[in-house]
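Inside the fold
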Amino acid sequence: MRGLLTTIRGSQRPEEWKACVSLVGAALAFSLMTVCVKHLGGRLPVAEVVLIRSVISLVITLTMMSLLGVSPWGQQKGLLLVRGALGTGALLMFFHAISSLPLAAATLLQYTYPTLTTLCAWALLREPIRKRISLAVALGLFGVLLVVQPEWAGQSMAGLPPLSALIGLGGALLTALAYVSVRQLSVREHPLVIVFYFPLVSVPATLPLLVGGFVLPMGSEWLWLVGVGLLTQLGQVWLTEGLAALPAARATSINYVQVVFATLWGVLIFAEPVTGTVIIGAMCVLGATLISLSARQTNQAGSIARG
């Protein structure tokens, strides 16, 4: 494995390799964030977790921008606000799907977003759909199917509540559009500015949802909430840096590795069972990630992204 990674690194330009490392780091941070959410146990409302996470991210981002002398408002305010709204909507819809669907079903619906990102980047940014990345997306999605093992894998979508399933798919679509907007914004905007607009929108968006329903966190819940905020901040910064240097389709196919991380934490921390099917699925996801890591960015794709 070490020799393979060395070979892959040698085939990359330095900025591409750094972007790949950032994306894997983002996947690791987001997977650990879900561990913190799981430790919360569901006592706090979803909107409250999103709100507190956003407040922590807002404070950290403003502090970092102040230290670096970066203006928080950016140049493309309209698109920045759209990015914030897309990210907020995607998060709320995903959490709603988790609460109303089997976890495996909600996870699989959410992880259709790399495929949707590939299509959206092709339609909106004119990024070409490369055969190797298409293979990585398909292999990664198949691996996710094996890892989450949804009970309805052999059934029709009619077996799920239609509205909840549509909301789950809607969350994946908004995630894809958010990634495409980050890719476009990264051409001109500082990564911290892009990160800043997410909580700037999500804080006022979630406040009305908590009117009369706020639950005061207790004891260790504060620790897990801080963990959610800090890990989200790391994940957002690394994700933005990765999307600034790589086409959206390739970047999101690398994010499949988050499923492997999440499965690993489930086994090590929560003593969740692991089967041969899960192992095969994890290997498919890792294979998809390695295919994406080994893909070189073409000059055409780079020129389109900068255009």
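Residues numbered from 1 in each chain as written. Predicted model: local features only at pLDDT ≥ 70, side-chain atom pairs only at ≥ 80, totals over all residues. Heavy atoms only, no water.

Another point: the overall build of the protein. The helix and strand tally for the protein stands at 14 helices and 0 strands. Ordered by position from N to C terminus, the α and β elements of the protein give α-α-α-α-α-α-α-α-α-α-α-α-α-α. By residue count, 51% of the 307 residues in the protein fall in the buried class. The long-range fraction of contacts in the protein, counting pairs at least 24 apart against all pairs at least 6 apart in sequence, stands at 91%. Total accessible area on the protein is roughly 14,100 Å²; 71% of this is exposed by carbon and sulfur atoms. (Helix = DSSP H or I, 4+ residues; strand = E, 2+ residues; numbered from the N terminus. Buried < 20%, exposed > 50% of the residue type's maximum accessible area, 1.4 Å probe, protein only. Contact = heavy atoms within 4.5 Å. Areas by Shrake-Rupley, 256 points an atom, 1.4 Å probe, with all protein chains shown as cover.)

A full pass over the atoms with the stated rule returns 6 aromatic pairs. Look at Tyr111 and Tyr113: their rings are 5.5 Å apart centre to centre, the planes differ by 45°, and that puts the pair in the tilted class. A relative accessible area of 8% means that Tyr111 is categorised as buried. Geometrically, the ring pair formed by Tyr111 and Tyr256 is stacked, given 6.3 Å between the ring centres and 25° between the ring planes. Placement of Tyr111 in the loop between helix 5 (103-110) and helix 6 (113-124) and of Tyr256 in the loop between helix 11 (248-254) and helix 12 (257-268) is noted, with a sequence separation of 145 residues between them. Of the two residues examined, Tyr111 and Tyr256, each falls in the buried class. Grouping aromatic residues by their ring pairs yields a cluster made of Tyr111, Tyr113, Tyr179 and Tyr256. The cationic tip of Lys38 hangs over the ring face of Phe270; the distance from NZ or CZ to the ring centre is 5.2 Å. (Phe/Tyr/Trp six-rings, centres within 6.5 Å; stacked < 30°, edge-to-face > 60°. Lys NZ or Arg CZ within 6 Å of the ring centre and 35° of its normal.)

Moving on, we get to the packing of helix 2 (residues 14-40) against helix 10 (residues 220-245). Running from N to C, helix 2 and helix 10 point in directions that differ by 160°, and their axes come no closer than 7 Å. When the interaxial angle is binned, helix 2 and helix 10 end up roughly antiparallel. Our pair here, helix 2 against helix 10, has a crossing hand that is left-handed. The residue inventory of the contact of helix 2 with helix 10, partitioned by class, reads 19 nonpolar, 8 polar and 3 charged. (Axes fitted to C-alpha atoms, helices over the stretch in contact; angles between N-to-C directions. Parallel < 35°, antiparallel > 145°, perpendicular 65-115°, else oblique. Left-handed = near helix turned anticlockwise from the far one by under 90°. Nonpolar A, V, L, I, M, F, W, Y, C, P; charged D, E, K, R; others polar.)

Under the criterion given, the structure shown has 4 salt bridges. A salt bridge links Arg250 to Glu16, with the shortest nitrogen-to-oxygen separation between them at 3.6 Å. Taken together, the residues span a long stretch of sequence, with Arg250 in helix 11 and Glu16 in helix 2 at a distance of 234 residues. Assessed through its relative accessible area of 2%, Arg250 is described here as buried. Judged by its relative accessible area of 1%, Glu16 is buried. Notably, a salt bridge pairs Arg183 with Glu127, separated by 3.0 Å at the nearest N-O pair. With Arg183 in helix 8 (residues 162-185) and Glu127 in the loop between helix 6 and helix 7 (131-148), the pair connects residues that are 56 residues apart, well separated along the chain. Assigned by exposure class, Arg183 and Glu127 land together as buried. (Salt bridge = Lys/Arg side-chain N within 4 Å of Asp/Glu carboxyl O.)

With 18 residues, helix 7 extends 26 Å from end C-alpha to end C-alpha; this agrees with the ideal 26 Å at 1.5 Å per step. Within helix 7, the full set of buried residues consists of Ile133, Ala136, Val137, Gly140, Gly143, Val144, Leu146, Val147 and Val148. (Expected span 1.5 Å × (residues − 1).)

This paragraph deals with a nonpolar patch on the surface. Together, Leu264, Val267, Leu268, Ile269, Val274, Ile279, Met283 and Leu286 line one region of the surface with nonpolar side chains, adding up to about 690 Å² of accessible area. Of note, Ile269 is situated in the loop between helix 12 and helix 13 (276-294). Given a relative accessible area of 42%, Ile269 falls into the partly exposed group. (Patch = residues over 30% accessible without salt bridge, like charges linked within 9 Å, V, L, I, M, F, W, Y side chains within 5 Å.)

Before going further, it helps to spend a moment on the environment of Gly229. In this fold, Gly229 is placed in helix 10. C-alpha separation for the pair Gly229 and Val49, spaced 180 residues apart in sequence, amounts to 9.2 Å. Contacts of Gly229, omitting those with residues within four sequence positions, involve Arg53 and Ile56.

On to the packing of helix 3 (residues 46-68) against helix 4 (residues 77-100). For any two helices packed against each other, one specifies the crossing angle of their axes together with the interaxial distance. In the contact formed by helix 3 and helix 4, the axes pass within 10 Å of each other and the chain directions differ by 145°. Crossing geometry of helix 3 relative to helix 4 is assigned as right-handed. When helix 3 is examined against helix 4, the residues Val46, Val50 and Arg53 are found in contact with a partner set consisting of Leu91, Leu92 and Phe95.

Let us look at unusual backbone geometry. For Arg126, which is not a glycine, the phi torsion comes out positive at approximately 60°. Along the chain, the position of Arg126 falls in the loop between helix 6 and helix 7. You can call Arg126 exposed: its relative accessible area is 67%. Unusually for a residue other than glycine, Ala271 sits at a positive phi of about 55°. Residue position: Ala271 is located in the loop between helix 12 and helix 13.

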